[in-house]
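If you want the building blocks of each chain, they are given just below.
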Amino acid sequence: MKISSVYRTSIALLAFTTACVFTQLQALAADTGQKKLVVGFSQVGAESGWRTANTESIKSEAQKRGIDLRFSDAQQKQENQIKAIRSFIAQGVDVIAFSPVVETGFEPVLQEAKKAGIPVVLSDRAVKVSDPSLYVTFLGSDFVEEGRRAANALAKLTGGKANIAELVGTVGSAPAIDRKKGFEEVLAKYPDMKIIMSQSGDFTRAKGKEVMEAFLKAPNAKEINALFAHNDDMALGAIQAMEEAGIKPGQDIKIVSIDGVRGAFEAMKDGKLNVTVECNPLLGPQLFDLVEKVANKEEVPKRVVSQEGVYDEAQAAAELPKRQY
Ligand code: GZL
């Protein structure tokens, strides 16, 4: 049967119109579909390789899930975090998540969030509050365990005899307080291991270098045979200071740090760092699983611990290509 050209054109026109209507209906469905989840996130800053990886994980996961993420970088200042949380409350976000730069001083603004009926999720670091209902759940590492792992690794490295210089993290922060606590808990078992110098390097490479330079100028500097750094960035700064002072890092002074960033694996491969205790920054997927449950008023555990390991020089070369941060 010969189909006339008029008939053929009308079939084509009909198909085209149907396709357009269908696309519009799709768009309409998307628009009137589920409201986008709006999450306010206040990040500590961009002080370390760990933090950069943590931010990337959070932003990319929010994007993947179509979440409207309002992200604020506090540049390691608590007053900026408090301002950001107040702004999230004013915007009427669905959930507030944040990594508190220090443990104390957030109670008033968390009371304001509670009064506004906005649930709060802690990511990476904890807060000290008198009212535990001020946050729904805390996702992050067990920093005390990380400190224990660092001390056990150093005891193994030094045969239980060490005069230790300690580079402490940000004063008042949960990781600094708890890593020190776990480290000293294990040290109590080793009478010949003691911390002879300790100062904060604020989790940054620059400050870690500066403090290590001061340690090496101290009257008892020659006694130092071990360094415990609360994060890899400070350890990498200290390594630079040691080399500039003619000291062989990882040999003259054994070094254990925490995070497991790529730079630490490279330093271990070069024999300049001995052990890094992993602290997983890739919290995005777990964080938004929890945030979505909280937004849907589903039950979530009060505490979710991230999983992580310990890596030494022998594993560095094989591990390096697998590292995601
Ligand atoms: C740990 C995180 C710490 C990292 C540092 O979860 O809070 O803050 O160890 C970072 O590198 O600055």
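No experiment lies behind these values; they were computed from the predicted model shown. (Residues numbered from 1 in each chain as written. Predicted model: local features only at pLDDT ≥ 70, side-chain atom pairs only at ≥ 80, totals over all residues. Heavy atoms only, no water.)

Visitor: When you look at the overall build of the protein chain in this model, what are you seeing that I'm missing?
Guide: Per the secondary structure count, the protein chain includes 11 helices and 12 strands. Looking at the 325 residues of the protein chain, the share that counts as buried comes to 50%. If you sum the accessible surface of the protein chain, you get close to 15500 Å²; carbon and sulfur atoms cover 55% of it. (Helix = DSSP H or I, 4+ residues; strand = E, 2+ residues; numbered from the N terminus. Buried < 20%, exposed > 50% of the residue type's maximum accessible area, 1.4 Å probe, protein only. Areas by Shrake-Rupley, 256 points an atom, 1.4 Å probe, with all protein chains shown as cover.)

Visitor: What is the right way to look at the nonpolar core in this model?
Guide: As a rule of thumb, nonpolar side chains are buried together in soluble globular proteins. Core analysis: the biggest nonpolar cluster contains 51 residues, and Ile164 and Leu227 have the highest contact counts within it. Among the elements that line this core, the one with the most residues is helix α8 (residues 232-244), at 7 residues. In this structure, Leu227 is in contact with Ala165, Glu166, Leu167, Met212, Ala238, Met242, Ile253, Lys254, Ile255 and Val256, ignoring residues within four places of it in sequence. Residues Ile85, Val102, Leu122 and Val127 belong to the second largest nonpolar core, which totals 24 residues. (Core = buried A, V, L, I, M, F, W, Y, C linked by side-chain atoms within 4.5 Å. Contact = heavy atoms within 4.5 Å.)

Visitor: Where do I start with the confidence of the model for the protein chain in this structure?
Guide: Low-pLDDT portions of the prediction should not be read for the details of their coordinates. Of all residues in the protein chain, 90% attain a pLDDT of 70 or more, and the chain-wide mean is 93. Of the regions scoring below 50 in pLDDT, residues 25-31 engages in 1 contact with residues more than four places distant in sequence or in other chains. (pLDDT = per-residue confidence, 0-100.)

Visitor: Can you walk me through the packing of aromatic side chains in this structure?
Guide: In this description, an aromatic ring pair is defined by two values, namely the gap between the centres and the angle between the planes. Using the criterion set out here, one finds 4 aromatic pairs in the structure. When the ring centre of Tyr135 is taken as reference, the NZ or CZ atom of Lys302 above it lies at 4.3 Å. The ring of Tyr311 has Arg323 sitting right over it, with the charged end atom 5.1 Å from the ring centre. (Phe/Tyr/Trp six-rings, centres within 6.5 Å; stacked < 30°, edge-to-face > 60°. Lys NZ or Arg CZ within 6 Å of the ring centre and 35° of its normal.)

Visitor: Before we go on, may I ask you to explain the environment of Lys64 in this structure?
Guide: Relative to the assigned elements, Lys64 resides in helix α2 (residues 49-64). When the C-alpha positions of Lys64 and Pro285 are compared, they lie 9.8 Å apart, and in sequence the two are 221 residues distant.

Visitor: Would you explain the pattern of salt bridges in this entry?
Guide: Where side chains of opposite charge bring their charged atoms close, a pairing between them can arise. Per the stated rule, a full pass over the model turns up 27 salt bridges. Between Lys64 and Glu61 there is a salt bridge, with its nearest N and O atoms 3.5 Å apart. Of this pair, Lys64 and Glu61 both sit in helix α2, 3 residues apart, which is roughly one turn of that helix. By relative accessible area, which is 67% here, Lys64 ends up exposed. Of the charged contacts in the structure, one is a salt bridge between Arg148 and Glu185, with a shortest N-O distance of 2.5 Å. With a gap of 37 residues between them, Arg148 in helix α5 (residues 143-158) and Glu185 in helix α6 (residues 174-187) connect regions that are remote in the sequence. (Salt bridge = Lys/Arg side-chain N within 4 Å of Asp/Glu carboxyl O.)

Visitor: Help me out: how do you make sense of the sheet that holds strand β9 (residues 254-259) in this one?
Guide: Strand-to-strand pairing in sheets goes through backbone hydrogen bonds, with the strands running parallel or antiparallel. Taking strand neighbours across the sheet as the criterion, the 6 strands line up as β7-β6-β8-β9-β10-β12 in an open arrangement whose pairing is mixed. Each edge of the open sheet is held by one strand with a lone partner, namely β7 (193-200) and β12 (310-312). Each strand axis lies, on average, 20 degrees off the axis of its neighbour in the sheet, ignoring direction. Pairing between β9 and strand β10 (residues 275-278): 4 bridges, direction parallel. What sits directly across from Val256, in β10, is Val275. (Pairing = 2+ DSSP bridges. Axes fitted to C-alpha atoms, helices over the stretch in contact; angles between N-to-C directions.)

Visitor: Where do I start with the environment of Lys207 in this structure?
Guide: Along the chain, Lys207 falls in helix α7 (residues 205-217). A C-alpha to C-alpha distance of 9.3 Å links Lys207 and Asp233, two positions 26 residues apart in sequence.

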